[in-house]
Amino acid sequence: MANVGRKLGVNISTCMLEANISLDSFAKHLGYSIKDVWNVIEGKVIIPPVELDKMACLLKTTKSELINHEPDSFVPDLQYMKEFSNPDNLDRILDLMDEYVELREVV
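Residues numbered from 1 in each chain as written. Predicted model: local features only at pLDDT ≥ 70, side-chain atom pairs only at ≥ 80, totals over all residues. Heavy atoms only, no water.

Draft legend 1. Molecular detail of helix H2 (residues 23–30). All of the buried residues in H2 are Phe 26, Ala 27 and Leu 30. Projection of H2 onto a plane perpendicular to its axis shows the buried side chains occupying an angular sector of 95°, all on one side. Exposed residues on H2 whose side chains face more than 90 degrees from its buried face are Lys 28 and His 29. Looking at the packing, one finds that the buried side of H2 touches helix H1 (4–18), helix H3 (34–41) and helix H4 (49–58). Following H2 by one or two positions, Gly 31 has its phi on the positive side, about 75°. (Buried < 20%, exposed > 50% of the residue type's maximum accessible area, 1.4 Å probe, protein only. Helix = DSSP H or I, 4+ residues; strand = E, 2+ residues; numbered from the N terminus. Arc of directions from axis to C-beta. Contact = heavy atoms within 4.5 Å.)

Draft legend 2. Structural context of H3. Of all the residues in H3, the buried ones are Val 37, Asn 39, Val 40 and Ile 41. The first or second residue beyond H3 is Gly 43, which carries a positive phi of 75°.

Written out as structure tokens, the structure reads:
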């Protein structure tokens, strides 16, 4: 698996699918915007322990399970994560893409 943030994001997204919680509902329950939730799912933000507890409670799981679970399958939108034999290469590419998107948003 790539980095911890992305792994956490996959686990949160998987739990949302299993619990049949929509992105919109998840965002409203936590007081986040849809963009904030996508940033969490994509591993772009560091989630404070208090917020992680809220997410785990909403998803009816534990904080430890969200952090440590190794997913068997990938969320359809994040299928690219299993295509890399070297997770460091995946991290480099995703980091470059993130930087590009941020620069485009600024411009």
